[in-house]
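Structure at a glance
Spelled out, the chains give:
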Amino acid sequence: TATKAAVCGFTDAATAVDGLSSTLKAYGMEAESAESIANQMLIAQNKGNTTFGELAGSIGKVAPTASALNLSTEELFSSLAVLTANGIQTSESVSVLKAAFSSITQPTTEAAEAAEALGIEFNADTLASKGLKGFLGDVRTAISNLNPTIGSLLTKQDELTEKLKKTKKGSDAYKELSKELKKTNSDLQTLTSASDGSVNQFATLFGSVEALNAMLILSSGQGMS
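Not measured: the values here are computed from a predicted model.

Moving on, we come to the environment of Gly 60. Following the sequence through the fold, Gly 60 ends up in the loop between helix 4 (52-58) and helix 5 (63-68). Take Gly 60: its relative accessible area is 37%, and that puts it in the partly exposed class. As a C-alpha pair, Gly 60 and Ala 142 span 82 residues in sequence and 32 Å in three-dimensional space.

Time to look at the packing of helix 10 (residues 148-165) against helix 11 (residues 172-193). Contact geometry for helix 10 and helix 11: axes closest at 10 Å, N-to-C directions at 155°. Our classification of the angle between helix 10 and helix 11 gives roughly antiparallel. For the pair helix 10 and helix 11, the crossing hand works out as left-handed. Residue-level contacts link Thr 149, Ile 150, Leu 153, Leu 154, Lys 156, Gln 157, Leu 160, Thr 161, Lys 163 and Leu 164 of helix 10 to Tyr 174, Leu 177, Ser 178, Glu 180, Leu 181, Thr 184, Asn 185, Asp 187, Leu 188, Leu 191 and Thr 192 of helix 11. Across the contact of helix 10 with helix 11, the residue classes break down as ten nonpolar, seven polar and four charged.

This part is about unusual backbone geometry. The phi dihedral of Phe 10 falls on the positive side, at around 55°, and the residue is not glycine. With respect to the helices and strands, the residue Phe 10 is situated in the loop between helix 1 (2-8) and helix 2 (13-26). What makes Phe 10 exposed here is its relative accessible area of 65%. Of note, the phi angle at Asn 70 is positive, near 65°, even though the residue is not glycine. The topology assignment puts Asn 70 in the loop between helix 5 and helix 6 (73-85).

Summed over the entire model, instances satisfying the criterion amount to two aromatic pairs. Summarising the aromatic geometry, the rings of Phe 122 and Phe 135 are spaced 5.7 Å apart at their centres and angled 40° between planes, so their arrangement reads as tilted. With a gap of 13 residues between them, Phe 122 in the loop between helix 8 (109-118) and helix 9 (124-146) and Phe 135 in helix 9 connect regions that are remote in the sequence. Taking the relative accessible area as the measure of exposure, Phe 122 reaches 6% and is therefore buried. Using a relative accessible area of 2% as the deciding quantity, one classes Phe 135 as buried. Between Phe 122 and Phe 206 the ring centres are 5.3 Å apart and the planes differ by 75°, which places this aromatic pair in the edge-to-face class. Taken together, the positions of Phe 122 in the loop between helix 8 and helix 9 and Phe 206 in helix 12 (residues 197-206) put the pair 84 residues apart, joining distant regions of the chain. Since its relative accessible area comes to 0%, Phe 206 is described here as buried.

Rules and cut-offs
Residues numbered from 1 in each chain as written. Predicted model: local features only at pLDDT ≥ 70, side-chain atom pairs only at ≥ 80, totals over all residues. Heavy atoms only, no water. Helix = DSSP H or I, 4+ residues; strand = E, 2+ residues; numbered from the N terminus. Buried < 20%, exposed > 50% of the residue type's maximum accessible area, 1.4 Å probe, protein only. Axes fitted to C-alpha atoms, helices over the stretch in contact; angles between N-to-C directions. Parallel < 35°, antiparallel > 145°, perpendicular 65-115°, else oblique. Left-handed = near helix turned anticlockwise from the far one by under 90°. Contact = heavy atoms within 4.5 Å. Nonpolar A, V, L, I, M, F, W, Y, C, P; charged D, E, K, R; others polar. Phe/Tyr/Trp six-rings, centres within 6.5 Å; stacked < 30°, edge-to-face > 60°.

Put into structure tokens, the structure is as follows:
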């Protein structure tokens, strides 16, 4: 399986073995699941802006944390596909996911206080009961309520994503929509980084502004899809 995946994933068999075995061990899976994991990694490669080799080389850093939160491998690899498709490099995507997931697993005192102040249930049990989509949706709603400007950008982000789905790839209209979506994402990141203290509390939840922005990308219309 690793040999075949290496051919499709622009890497060597040893790297493929490392990525597959790291994921299998983290999730307590048997070797029979290798083909399923390889397929998920290749789909992430094709849907995102990454390669099987890049994923294999870094997945071991985040898979154990994702597994501890009972996130499925599908959720893990689709999250990496979304983040890399939005211009975040594979290694950085892995780092921000690990930071965010670690914060949920073991929230700091500051994160716990911020969650209480923001009225958010921020813990592994809530994530398990609501799922990753529901959990991030709550965070997105709370941020929108705190800052209407950010809320309007999040809404615009969703609208542009929906329009892109219905527009022919490669067309002038598609290129213009992609350009506008990229600018909206950039404006959102800038505003989040420079926002007031109440919104910055969300960065405290996830460990950094970068991790917060990654969570906003995942909770966008494109991310949910």
